[in-house]
Amino acid sequence: MTNPPQTLFEKIWERHIVAQQPNSPAVLYIDLHLVHEVTSPQAFTGLRQRGLRVRRPDKTVATMDHSIPTTPLSVPIADAQAAAQLQMLADNTKEFGIALYGMDSPMRGIVHVIGPELGLTQPGMTIVCGDSHTSTHGAFGALAFGIGTSEVEHVLASQCLLQTRPKTFAVRVEGRLGAGVSAKDIILALIARIGIGGGGGHVFEYSGSAIRSLTMEERMTICNMSIEGGARAGMIAPDDVTFEYLAGRQHAPQGAAWERALQRWRALPSDAAAQFDKSITIAADELEPMVTYGTNPGMGVPVTSRIPDPAQISNAAARASMEQALEYMGLQPGQALLGQPIDVVFVGSCTNGRISDLRLAAQVMRGRRVAGGVRMLVVPGSQEVKRQAEQEGLDRIFRESGAEWREAGCSMCIAMNGDQLRPGQRAVSTSNRNFEGRQGKGGRTFLASPLTAAASAVSGHIADVRTLL
Amino acid sequence: MAQFTTLTSRVIPLLRTNIDTDQIIPARYLKVTDKAGLGDALFADWRYNADGSPNPDFVLNQPQHRGAQILLAGDNFGCGSSREHAPWALTAWGIRAVITTDVADIFRSNALKNGLLPIVVSGAAHAKLLEFVEELPQCELQIDLATQQMTLPDGSLVPFPIDDFSKTCLLQGVDQLGYILNYSERITAYEATLAG
Ligand code: SF4
């Protein structure tokens, strides 16, 4: 008898079920648990109150990213509350025997940047973190999703989670991207099409020729924003690109173990006849650089477009929500996006803070200057990305153009560490959320790719990078 | 975990769609290391003026909604970040149920672990509820989890779905970690099968 065809998701899901009662969620085993300072303190407190230990400290890794300053580390942390939270993670990881890439670690960085960098993230794994952008790790053919703090406690104590099986959603991206169009534009276009709740209850699997031709870092950019389309997880089948990225990394299997792992990993891709609950196809050739104009990531349009008119929307709730968004953003229907003045440009985050993102931005900045009146921050996703960029001289390109070159961290993506917009300021940002106040109370965010962000920085307004290439 | 059986309360209408967790509790309030006291941070950017005074136009600040425990919200409530601080802030303020036409996955999971009931109803049922709330802001809604029904002020019933497991957990206040730890032997057996 042959097994019924299965998707990548189904293969991983079934392999990780520890127990499953009828009409109940599965007890799902977790291979890798990533921890950061913001969503873990209450979970460790819970363990202590129950007198529990961490079941598998060897499958748990912590870092500091959300609230750390991106100014030189020699300066003491001014925010007492942030300092206390960071100290608590240091104390908790010490007490429970968990590896910590802390303040002084050369491998510190945004949790979703260092997991892959260290080779911790591997195909076929279940990976969780108290952070919704855990979907990033799905780029390796892992089932990776964000959890709340109660669930962080569950995984610390039991290495398991109660999970209801999600449905599957095939996202096929076929064809070739044009010049100036990148992975970020693919994912912004998908979310604009299906809406920010469009993937609710589902796991995306991205496939098609355009996805296959992407590098691992580009694949991570796409999987990262799965949650912005409502899906807790997004995955891409592992292939030679994946294996090449992983080979030789610190925590990747070595020698004979590597060969055995490869054999398992090669069996993971969805079977040809596997069925998905939903699907959509996107033509890569037709995509343009994308920019959001509103206050959720689904409000995105090609950069050459005009601001949509809420009056054209028949659904009253959707119309009201767009009207509110335009008012918050200070935009009028029918205005061109190109030429909209900006105050700040932020290049960084777990979406676009990797070395290839910085290279793209630097390629546009080289020999140009950040426009007068614009502040540009470039924040590497990890200290390793920072070192690599400095080796390549990218920091010099940024500095000479007038941009600020920072230490690694989440920074202005979430504005917890003092890097933030002032009320009313407009920013083109390579991060993933343009919610009201996300980058600072009253701040206005236009999400875009590193190429579009850099082009806008040198232009002083929202710009089409294709005119600068 | 806090139990949820029945609830009778006035309803606060907050009808924006896609209310994300950054609105429910902005990130600058996430630097805490415990769960207590987050009620003051609930909807902070909408609730307070720039000088920190309460914004009288915001529903939570209106006297007729004081003490109400049910939120009637727009579609796709709780999208965005996985912060459990969102249900912590809602329950600390006093909210025990959120009625909407769709709720984001992670928020739903977090809410259920904090005795906060997410109720998803059809657009028509949502509109009917809203009509009542707008006409009779003082009217009370009854929620009965065991029968999965809401009783409107005119006596009409609106059913709502919830999966059996979540329902049992809420009704009995089941401790989910305790439930998982009952499988400790199975977990150990599973770990023995892991490839090295
Ligand atoms: S960079 Fe932004 S989205 Fe990514 S983990 Fe940090 S705060 Fe979250």
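Check the entry above for the structure.
Everything quoted here is computed from the prediction, not taken from an experiment.

Peer 1: Can you help me understand the sheet that holds strand S9 (residues 167-174) of chain A in this one?
Peer 2: Where strands meet in a sheet, backbone hydrogen bonds hold them as pairs that are either parallel or antiparallel. All names here are of chain A. Taken in spatial order, the 4 strands of this open sheet run S11-S10-S9-S12, and their pairing is parallel. Single-partner strands in this sheet number two, and they are strand S11 (233-236) and strand S12 (278-283). Neighbouring strand axes in the sheet, compared pairwise and without regard to direction, differ in orientation by 20° on average. Across 6 bridges, the pairing between S9 and S12 is parallel. Residue pairing across strands places Glu174 opposite Ala283, the latter belonging to S12. Against the sheet, helix H8 (residues 216-224) makes contact with strand S10 (202-207) and S11, and its axis sits at roughly 155° relative to S11, the strand it touches most.

Peer 1: Sorry, what's going on with helix H6 (residues 183-194) of chain A here?
Peer 2: Because each turn of an α-helix spans 3.6 residues, side chains separated by three or four positions end up pointing in the same direction. All names here are of chain A. Taking 1.5 Å of rise per residue, the 12 residues of H6 would be expected to cover 16 Å, and the 17 Å separating its terminal C-alpha atoms lies within 8% of that figure. A large share of H6 lies buried, amounting to 9 of its 12 residues. Residues of H6 that are buried include every one of Ala183, Lys184, Asp185, Ile186, Ile187, Leu188, Ala189, Leu190 and Ile191, and no others. Phi turns positive one or two residues past the end of H6, at Gly195, with a value near 85°.

Peer 1: What exactly am I supposed to notice about the site of the ligand here?
Peer 2: In the neighbourhood of the ligand, the contacting residues comprise His66, Ile110, His112, Asp131, His133, Ser349, Cys350, Cys410, Cys413, Ile414, Asn432 and Arg438 of chain A. The residue makeup of the shell around the ligand, split by class, is 5 nonpolar, 5 polar and 2 charged.

Peer 1: So what exactly am I meant to see when it comes to the packing of aromatic side chains here?
Peer 2: Aromatic rings considered in pairs are described by the distance between their centres and by the relative angle of their planes. Scanning all chains against the criterion turns up 15 aromatic pairs over all chains. On the basis of an interplanar angle of 80° and a centroid distance of 5.2 Å, the ring pair of Phe77 of chain B and Phe107 of chain B is categorised as edge-to-face. Here the residue Phe77 of chain B occupies a position in the loop between strand S3 (70-73) and helix H3 (85-93), and Phe107 of chain B occupies one in helix H4 (residues 105-112), the gap between them amounting to 30 residues. An identical accessibility class is assigned to Phe77 of chain B and Phe107 of chain B; each is buried. These aromatic residues form a ring-pair network of at least three members: Phe169, Phe204 and Tyr206 of chain A. One Lys or Arg, Arg249 of chain A, reaches over the ring of Tyr245 of chain A and ends 3.8 Å from the middle of that ring.

Peer 1: How should I be thinking about the interface of chain A and chain B in this particular structure?
Peer 2: Contact residues are listed per partner, giving 63 residues for chain A and 52 residues for chain B. In total, chain A and chain B occlude about 4900 Å² of area from one another, counting both sides; carbon and sulfur atoms represent 54% of this. Here chain A is connected to chain B by 7 salt bridges. For Glu151 of chain A, the salt bridge goes to Lys113 of chain B, with nearest N and O atoms at 3.5 Å. Applying the counting criterion to the chain A and chain B interface returns 28 residue pairs in polar contact (both at pLDDT 80 or more). Broken down by secondary-structure element, the contributors of at least two residues to the side of chain A that touches chain B are strand S1 (17-20), strand S2 (26-29), helix H2 (41-50), helix H3 (80-96), helix H5 (149-158), strand S8 (160-163), helix H10 (255-266) and helix H11 (316-329) of chain A. No other element matches H5 of chain A, which puts 7 residues into the side of chain A that touches chain B.

Criteria and thresholds
Residues numbered from 1 in each chain as written. Chains lettered and ligands numbered in written order. Predicted model: local features only at pLDDT ≥ 70, side-chain atom pairs only at ≥ 80, totals over all residues. Heavy atoms only, no water. Pairing = 2+ DSSP bridges. Helix = DSSP H or I, 4+ residues; strand = E, 2+ residues; numbered from the N terminus. Axes fitted to C-alpha atoms, helices over the stretch in contact; angles between N-to-C directions. Contact = heavy atoms within 4.5 Å. Expected span 1.5 Å × (residues − 1). Buried < 20%, exposed > 50% of the residue type's maximum accessible area, 1.4 Å probe, protein only. Near = heavy atom within 4 Å. Nonpolar A, V, L, I, M, F, W, Y, C, P; charged D, E, K, R; others polar. Phe/Tyr/Trp six-rings, centres within 6.5 Å; stacked < 30°, edge-to-face > 60°. Lys NZ or Arg CZ within 6 Å of the ring centre and 35° of its normal. Buried area = accessible area lost by both parts, 1.4 Å probe. Salt bridge = Lys/Arg side-chain N within 4 Å of Asp/Glu carboxyl O. Polar contact = N/O pair within 3.5 Å; in protein donor to acceptor, adjacent residues only side chain to side chain.

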